[in-house]
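# Fold and geometry: a report
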Amino acid sequence: MTASTVVEPVAGFHGLGLSQTILDAVTKAGYKKPSSIQKAFIPRVLAGSDVMGQAQTGTGKTAAYLLPYFERWQPSADRDPTALILVPTRELATQVCEEAAKLAPHDRIRVLPIYGGKRMDGQVQALRKGIDLVVGTPGRILDHLSRSTLVFHKVQYLVLDEADRMFDLGFRDDIRRILKQCPDARQTMLLSATMPPDVLNLAKRYMRKPIVHIQIAPKKVTVEKIRQSYITVDKENKYDALLRVIEREQPRQCIIFCERKIGAHRIYTKLCGERKRVAAMHGDLEQNQRERIMKAFKEGKIVYLVATDVVGRGIDVMGISHIINFDLPMDPENYVHRIGRTGRMGKDGVAISLVEPEEGKELTRIEDFINKLITEEQLPDFEAFIPRVKVEQEPKDVKPVYGQRSRRYSQRL
Ligand code: AMP
């Protein structure tokens, strides 16, 4: 009799060559499945190759190069940095450090952001204590190098992130000067959204061959027929803005997306007081409740469906004319999933996002991800919407009656 081995399918991050300690850190960060760039990058970097990747923000590129570094990390006696991540902007430096804090397997790994606009002496003090990983912009790093408050003789792991952007911002000479300070015996990774000749020349000059050039195709975003816009509105006025938008747009059927179950439930409850044919779909509902709501939505009996991403993704209904993002999705990929619920089968669709003034960064990440600017529009006039609902002419108890009807309706589904 021969023994047979059952080969388990590779699931999640297992199978990329990461140790249990790093896998535990990944689990703690809440990542369940590696992104395409992570699948492509991590095993090759762990094998010691210099790797180039064409990938934009939102693809998980940061974890793709941080995890192999954490895997390699070893304590060193003098704590001169062993890794350098060169980035074009302070925003990216901050983001990379946040991702590092999220994924670091323990707190003995010291990470320091180095960019201009911050006092030099604070950075010098931190450097004196010992740093493993420096994440910085070229200008300030050169300042430190020229004062010898930073030395790169031990750098074995070098990442050039958003290389094309660094050239756009005029860092060509700075990059070269910094790279000359790093030992030749090192591993170099390069990430760039585009691969113009400048970037390719840099790779040719400073990366060891063979270079594995991984092209992560930009996500096919089939949302051309969807009219996308956003409205800037303070948090406390968002619900009012939602009412104005739906009054103006008169959607045939729409999904109103919220980030959290509790938010979805709150909007659902309030909207029941204003509109008929409202239902909610979120993870707290029983499976059979969800199915009944889904069926009614498909049959056009529900006009306003307040949903979270978890359940929103699975909705495949032809009649959806509008998607309203009451909350912006945290993950840009979810934006595409959400708005893809409308504009089905070549029909036109509309996607309107309510954006809080301090959410500019999130909006930009979405725009980068879909490779398209989203048009800003003004909040519809309150006056324009009053005559239609005739609030002042209706008896006072109209709202609760609508609410009760809607609630009963939803419960019956
Ligand atoms: P990045 O492209 O590196 O800027 O990452 C974009 C966002 O995706 C960040 O907020 C990361 O924390 C998150 N992220 C990265 N990898 C994963 C993953 N495998 N699963 C879920 N989220 C991820």
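Below you will find a few notes about this structure.

The rules behind the values
Residues numbered from 1 in each chain as written. Predicted model: local features only at pLDDT ≥ 70, side-chain atom pairs only at ≥ 80, totals over all residues. Heavy atoms only, no water. Helix = DSSP H or I, 4+ residues; strand = E, 2+ residues; numbered from the N terminus. Buried < 20%, exposed > 50% of the residue type's maximum accessible area, 1.4 Å probe, protein only. Contact = heavy atoms within 4.5 Å. Axes fitted to C-alpha atoms, helices over the stretch in contact; angles between N-to-C directions. Parallel < 35°, antiparallel > 145°, perpendicular 65-115°, else oblique. Left-handed = near helix turned anticlockwise from the far one by under 90°. Nonpolar A, V, L, I, M, F, W, Y, C, P; charged D, E, K, R; others polar. Salt bridge = Lys/Arg side-chain N within 4 Å of Asp/Glu carboxyl O. Pairing = 2+ DSSP bridges. Phe/Tyr/Trp six-rings, centres within 6.5 Å; stacked < 30°, edge-to-face > 60°. Lys NZ or Arg CZ within 6 Å of the ring centre and 35° of its normal. 1 Å grid on protein atoms, 1.4 Å probe; cavity = no way out; pocket = protein on both sides within 12 Å on 5 of 7 lines; lining within 4 Å. Points joined across faces, edges and corners; volume = space filled by probe spheres on them. Right-handed = clockwise from strand over helix to strand, strands pointing away.

## Focus on the environment of Ala-241
Here Ala-241 is to be found in helix H10 (residues 238-249). Owing to a relative accessible area of 0%, Ala-241 belongs among the buried residues under this scheme. Separated by 85 residues in sequence, Ala-241 and Phe-326 have C-alpha atoms that sit 9.2 Å apart. For Ala-241, the contacting residues outside a window of four places in its chain are Val-233, Leu-354 and Leu-379.

## Focus: the packing of helix H8 (residues 172-180) against helix H9 (residues 197-206)
Where H8 contacts H9, the axes come no closer than 12 Å and their chain directions differ by 15°. By the angle between their axes, H8 is roughly parallel relative to H9. In this structure, H8 meets H9 at a crossing whose hand is right-handed. On the side of H8, the interface is formed by Arg-172, Ile-175, Arg-176, Leu-179 and Lys-180, while H9 contributes Asp-198, Leu-202, Arg-205 and Tyr-206. Of the residues belonging to the contact of H8 with H9, the class tally is four nonpolar, no polar and five charged.

## Considerations on the pattern of salt bridges
For the coordinates displayed, the defined rule picks out 22 salt bridges. With its nearest N and O atoms 3.7 Å apart, the salt bridge here joins Glu-162 to Lys-61. Of the two residues, Glu-162 is situated in the loop between strand S5 (157-160) and helix H7 (163-168) and Lys-61 in helix H3 (residues 61-72); the sequence distance between them amounts to 101 residues. For Glu-162, a relative accessible area of 14% corresponds to the buried category. We classify Lys-61 as buried; its relative accessible area is 3%. For the salt bridge of Glu-299 with Lys-295, the shortest nitrogen-to-oxygen distance reads 3.2 Å. Taking relative accessible area as the criterion, Lys-295 reaches 52% and is therefore assigned exposed. Because the salt bridges share partners, they merge into one network encompassing Lys-61, Asp-161, Glu-162 and Arg-165.

## Some remarks on the sheet that holds strand S12 (residues 322-325)
Read across the sheet, seven strands follow the order S10-S11-S9-S12-S13-S8-S14 without closing on themselves; strand pairing throughout is parallel. One side of each edge strand has no neighbouring strand; the edge strands of this open sheet are strand S10 (278-281) and strand S14 (375-376). When strand S8 (residues 226-232) meets S14, the two strands line up parallel, connected through two bridges. Bridge pairing in S14 links Tyr-230 to Glu-376.

## Observations regarding the packing of aromatic side chains
All chains considered together, the criterion is met by two aromatic pairs. Judged by centre distance (5.5 Å) and plane angle (45°), the ring pair of Tyr-69 and Tyr-157 falls under tilted. Placement of Tyr-69 in helix H3 and of Tyr-157 in strand S5 is noted, with a sequence separation of 88 residues between them. There is no split in this pair, since Tyr-69 and Tyr-157 are both buried. Feature note: the residues Tyr-69, Phe-70 and Tyr-157 constitute an aromatic cluster, connected by ring pairs. Above the face of the Tyr-206 ring, Arg-205 is positioned so that its terminal group lies 4.6 Å from the ring centre. Of note, Lys-270 hangs over the ring of Tyr-239, and the distance from its end group to the ring centre comes to 4.3 Å.

## Focus on the side chain of Thr-342
Structurally, the position occupied by Thr-342 is in the loop between helix H14 (332-339) and strand S13 (349-355). Assessed through its relative accessible area of 1%, Thr-342 is described here as buried. Beyond its immediate chain neighbours, meaning those up to four positions away, Thr-342 contacts Ile-226, Ile-320, Ser-321, His-322, Ile-323, Gly-349 and Val-350.

## Thoughts on the layout of surface pockets
It is the rolling of a water-molecule-sized probe over the atoms that shows where space remains empty. As a volume, the second largest pocket reaches approximately 550 Å³. Mapped onto the lining of the second largest pocket, the elements with two or more residues apiece are H10 and helix H11 (261-272). The element best represented in the lining of the second largest pocket is H11, accounting for five residues. For the lining of the second largest pocket, a count of residues per class yields seven nonpolar, two polar and 13 charged.

## Details of the pairing of strand S4 (residues 133-136)
Strand residues, when the strand is regular, have side chains that alternate between the two faces of the sheet. What you see with S4 is no split at all: Leu-133 and Val-135 on one side and Val-134 and Gly-136 on the other are buried throughout. Relative to S4, strand S2 (residues 83-86) runs parallel, the two being bridged by four bridges. Following the sheet pairing, Leu-86 is matched in S4 by Gly-136. The sheet contact formed by strand S3 (residues 111-114) and S4 spans four bridges and is parallel. Looking across to S4, one finds that Pro-113 is bridged to Val-135. Assessed by its sense of winding, the connection that carries the chain from S3 through helix H5 (residues 120-129) to S4 is right-handed.

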